Amino acid sequence: MYAAWTVKHKPASVAEIVGNTEAIKTFSEWIKSWSKGVPKKRAAFLYGPPGVGKTVTVEALAKDLGMELVEKNASDYRTEEAVNRFAGLASQYGSLFGSRRIILLDELDGLTGNADKGGVKAITDIIKTAQCPIVLIANNAYDPRFINLRSYCILIEFKKPAASEVAKHLKRISEREGIQVDENALKFIAQRSEGDVRSAVNDFQALAQGKKRLTYEDVSWLGYRDRQDSIFNLLRMIIYSRTSASAKQAVDMADVDIDMLFEWIYENAPEHLTDPHDLAQAMDALSMADVYRGRIRTTQDWSFIRYVIDYMTAGVAMSRQRSKSAGWTPFKFPSRIQMLSRSKAERAMKLSIGLKIKRKCHISASRASKEFLPYLRIIFKNNAEMADGIAKWLDLDDEMIAYLKG
Ligand SMILES: Nc1ncnc2c1ncn2[C@@H]1O[C@H](COP(=O)(O)OP(=O)(O)OP(=O)(O)O)[C@@H](O)[C@H]1O
Ligand SMILES: [Mg+2]
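Residues numbered from 1 in each chain as written. Chains lettered and ligands numbered in written order. Predicted model: local features only at pLDDT ≥ 70, side-chain atom pairs only at ≥ 80, totals over all residues. Heavy atoms only, no water.

## Focus: the environment of histidine 9
- Checked against the element boundaries, histidine 9 lands in the loop between helix H1 (5-8) and helix H2 (21-33).
- Sequence-wise, histidine 9 and lysine 350 are 341 residues apart; in three dimensions their C-alpha atoms are separated by 39 Å.
- Here histidine 9 is in contact with His169, Ile173, Arg176 and Glu177, once residues within four sequence places are set aside.
- Within polar-contact distance, the side chain of histidine 9 engages the side chain of glutamate 177 at 2.7 Å. (Helix = DSSP H or I, 4+ residues; strand = E, 2+ residues; numbered from the N terminus. Contact = heavy atoms within 4.5 Å. Polar contact = N/O pair within 3.5 Å; in protein donor to acceptor, adjacent residues only side chain to side chain.)

## Let's talk about the site of ligand 1
- Taken together, 16 residues form the shell around ligand 1, and within it Thr6, Val18, Gly51, Lys54 and Thr55 come nearest.
- In this structure, glycine 51 approaches ligand 1 through a main-chain N or O atom, which is 2.8 Å from an oxygen atom.
- Within the side chain of arginine 198, an N or O atom sits 3.1 Å from an oxygen atom of ligand 1.
- Coverage of ligand 1 by the protein chains reaches 91% of its 630 Å² of free accessible surface.
- At the level of secondary structure, the elements contributing two or more residues to the shell around ligand 1 comprise helix H3 (54-64) and helix H10 (197-208).
- Among the elements that line the shell around ligand 1, the one with the most residues is H3, at three residues.
- For the shell around ligand 1, the per-class residue count stands at seven nonpolar, six polar and three charged.
- Both domain 1 (20-157) and domain 2 (163-227) contribute no fewer than three residues apiece to the shell around ligand 1. (Near = heavy atom within 4 Å. Areas by Shrake-Rupley, 256 points an atom, 1.4 Å probe, with all protein chains shown as cover. Nonpolar A, V, L, I, M, F, W, Y, C, P; charged D, E, K, R; others polar. Domains from an automatic or database assignment.)

## Notes on the nonpolar core
- Ranked by internal contacts, the top residues of the largest apolar core, which has 51 residues, are Phe204, Leu261 and Met312.
- Put simply, the parts of the chain that give this core at least two residues each are helix H8 (163-177), helix H9 (183-192), H10, helix H12 (231-239), helix H13 (244-253), helix H14 (258-272), helix H15 (276-299) and helix H16 (305-317).
- Of the residues that make up this core, three or more belong to each of domain 2 (163-227) and domain 3 (230-317).
- With residues up to four places along the chain from it excluded, the contact list for leucine 261 reads Ile231, Leu234, Ile238, Val251, Val256 and Met312.
- Core analysis: the next-biggest nonpolar cluster, separate from the first, contains 27 residues, Ala74, Leu105, Leu111 and Val120 among them. (Core = buried A, V, L, I, M, F, W, Y, C linked by side-chain atoms within 4.5 Å. Buried < 20%, exposed > 50% of the residue type's maximum accessible area, 1.4 Å probe, protein only.)

Below, the structure is given as structure tokens:
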């Protein structure tokens, strides 16, 4: 039903990858050098933190150069035997169809313990005689297990791209999706991701999908504190908790406003509780939470807050009895908050036009916006010339004019 934007907007060409220009250049030159014969080092070891574009660099470059890419990951090199199964691929350059080949051994960190020692050794042996480029990827190339292996590789470090680079990538996605995003909203998401492009894209999708416009207000409340416990993880912890204690605990760990969290749970629970019975239970729990929220509002007795929290976290988590996994379903921004911020913006606009009218007509701004605005709207929609004159007289700016024209 949903496509993850990390897949949908995965860079198809190296040119679309942000950051790590030097690393990508070194890597690409090494791959290209194979066309002039087997280079001194037959393997490249790309390493660096998660989500910065290591895997996608190899995939995009293979595509750019029209090379065949054979991808292997941890499950393919559990044992020496498993590794040797694809050794043959490395011993000849070029495939059946004549295109040249790259062998990618991704997620080498997945090799664990003694059982895999033979695996690393077998990989080293393949590299020694490889007739095509072998690419290794791990988060940490300096793991002691790789000491011997390392000496056969050129080491290429991938670093976290700067926030401005991450924002560039988000910007491209927003253009493709037709979403208008405030510059500072993009910057905020980018900074918050701390160089993890994958998580930036995921956050961005959850916040922006289905919207026409994303403003700074829509994102700023997410806060900077501990990105790992972002609202999305928090929601996951609450909705998919197996115990009531862990569902409640999630709230303590996070730095979110309880009312805001309520809206997020209310908006997202239906998509994640696929069983109608479970959903009815969850909605019951949320309605109880809301009852106590109401009591707090009227009595200002904040001791009720623990019932609000219990119902909206444990109550929702424990409703999950028969629901099957919803598959990969992104969390959505609460539509009620969206509506509120939209009407808030509209109220602010009306008032600012009211202030302009006040200056000329000597009536209060709120009365002006109530009594004059409807007529102004009719004029601005139907009589451009008269609208022009009024706009000049009242000294309206472009945004106000656009608003009056609808
Ligand atoms: N530098 C980047 N430019 C553009 N998109 C990126 C970049 N880095 C990551 N992405 C996006 O995030 C997804 C995951 O990136 P990738 O698989 O390359 O990360 P990785 O560095 O291999 O991380 P891991 O160490 O977790 O395997 C990509 O499919 C792409 O959508
Ligand atoms: Mg990867």
